[in-house]
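# Per-entry structural report
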Amino acid sequence: MTRDVRDLLAAAAGLYRDDPRASALLHDCLNRLEQPLRVAFTGAPSSGKSTLAAALGEWPTRALRDLVLLDDPGPADDVPDATVRLVRHLEPDELAAAHPPGGSPFARQSAVNSVLVLSRADEVGAGRIDALLTAKQLARRAWREDPLCTGFLGVIAVAGQLAYGGRSLRDDEFDLLAAFAAVPREELERHVLSVDSFTDPAFPGPIPVETRRSLVVRFGMFGVRLALTLIRTGCDDRVKLSAELVRRSGLGELRDTLAGCFVARAEALKARTAVIRLEALLAAQPRPGGDRLVSRVERFAAAAHDFRELRLIADIRGGRTALSGDPAEEAVRLLGAQGTAPADRLGLEPDADPGEIYDAGLDALRRWRHEAERPDRPHAERTAAHVVVRSAEGMLALFA
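Worth saying up front: this structure is predicted, and the values here are computed from it rather than measured.

Bringing the pattern of salt bridges into the picture now. Under the counting rule described, the total for this entry stands at 26 salt bridges. Put simply, Arg374 and Asp376 hold a salt bridge, and the shortest N to O gap is 2.8 Å. One connected set of salt bridges, linked through shared partners, spans Glu371, Arg374, Asp376, Arg377 and Glu381.

Below is the structure:
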């Protein structure tokens, strides 16, 4: 795919060689193909963009090391290849506003570069101790049932402040929380109902008000209550508590989604950005001979199988196809949801023998061709099976 885009950009550079601005844009498109994938965090003010980007960006994880995270870039700033869109509520007006602009036919057809995040998930249900579980259920339901969530590669509930606090939990903060957790529950309970009660001078013990307030600033009142509960139930050191706070925050699910949908498809998403910018140039500054480039862009769009794979992965995981159970799990794996290498697609060990990979791929191809041709299956199901067949064929072509 990248080579095709390079050819398109080279042809366009010849067409616009007498236009310095157009030439600079095309040169930038070429350079961007060699650079890391750019992922923008966008959303309304106070939705937690900076906190969430910081929590992910400071996570020393191999899965995200090849991403550049952009905190709410403006229209004139760097053009992102993919987007994490934050909303505070799953209300119709917020969901409608979260959808990216339509753009060109290719942009709409390949609009599989966004993940929706229900941020500040710890505020769901007035911040009760089960707020995160409730938020995750709401997010899954919205992804499956709300038409306004169609097209997103995932709808994920994340408590950004909790994630960042957990990721950066210090020894002195753990010691403070452990000291609070040691206070008899019945004595402490009424003092952790709200920020006011937690910072009230009548709070038991010698911990200054400002110190208690700093904990609320770092973790939120929900995070303080959750930390106390976790310490009482076995998280008896900083490392354990940090890991559990991060796990419950939803940050891991978001990381895995970005790794599977963005990092694994980085080349395709960067190529998409370049083609969309080229399309815009051809439309804004038409030149004699430009129609041939437009036709080449259309052929490229029609052949771009990566975007069909991403769309179908989202549809299957969002419950928008008839596939379910084991066939659905196999389909998303073959489509590359767990990695685009043949062994990953086939669920084999990374060091699997090429012969084993080929045989497993051939077996998968035969099964899904059968599914694609079954007359008793609904048309939509057979269409989905055809996409899986195309993925299996592409995988086997690597062994030709």
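Assignment of secondary structure puts Thr273 in helix H14 (residues 266–284). Residue Thr273 is classed as buried on the basis of its relative accessible area of 7%. With 191 residues separating them along the chain, Thr273 and Ala82 place their C-alpha atoms 8.9 Å apart. Apart from the residues within four sequence positions on either side, Thr273 is in contact with Arg32, Val79, Pro80 and Asp81.

Before going further, it helps to examine a negative patch on the surface. A cluster of acidic side chains, namely Glu349, Asp351, Asp353, Glu356 and Asp359, defines a negative patch on the protein surface. Topologically, Asp353 is positioned in the loop between helix H18 (342–346) and helix H19 (354–373).

Taken across its seven residues, strand S1 (residues 37–43) has six buried, putting it largely inside the fold. Inspection of the sheet shows S1 paired to strand S2 (residues 67–71) by five bridges, in the parallel sense. Within S2, the residue paired with Phe41 across the bridge is Asp71. Two strands pair when backbone bridges link them, and S1 and strand S3 (residues 82–87) are joined in this way by five bridges, in the parallel orientation. Looking across to S3, one finds that Phe41 is bridged to Val84.

The rules behind the values
Residues numbered from 1 in each chain as written. Predicted model: local features only at pLDDT ≥ 70, side-chain atom pairs only at ≥ 80, totals over all residues. Heavy atoms only, no water. Salt bridge = Lys/Arg side-chain N within 4 Å of Asp/Glu carboxyl O. Helix = DSSP H or I, 4+ residues; strand = E, 2+ residues; numbered from the N terminus. Buried < 20%, exposed > 50% of the residue type's maximum accessible area, 1.4 Å probe, protein only. Contact = heavy atoms within 4.5 Å. Patch = residues over 30% accessible without salt bridge, like charges linked within 9 Å, V, L, I, M, F, W, Y side chains within 5 Å. Areas by Shrake-Rupley, 256 points an atom, 1.4 Å probe, with all protein chains shown as cover. Lys, Arg positive; Asp, Glu negative; His and termini not counted. Charge placed at Lys NZ, Arg CZ, Asp CG, Glu CD. Pairing = 2+ DSSP bridges.

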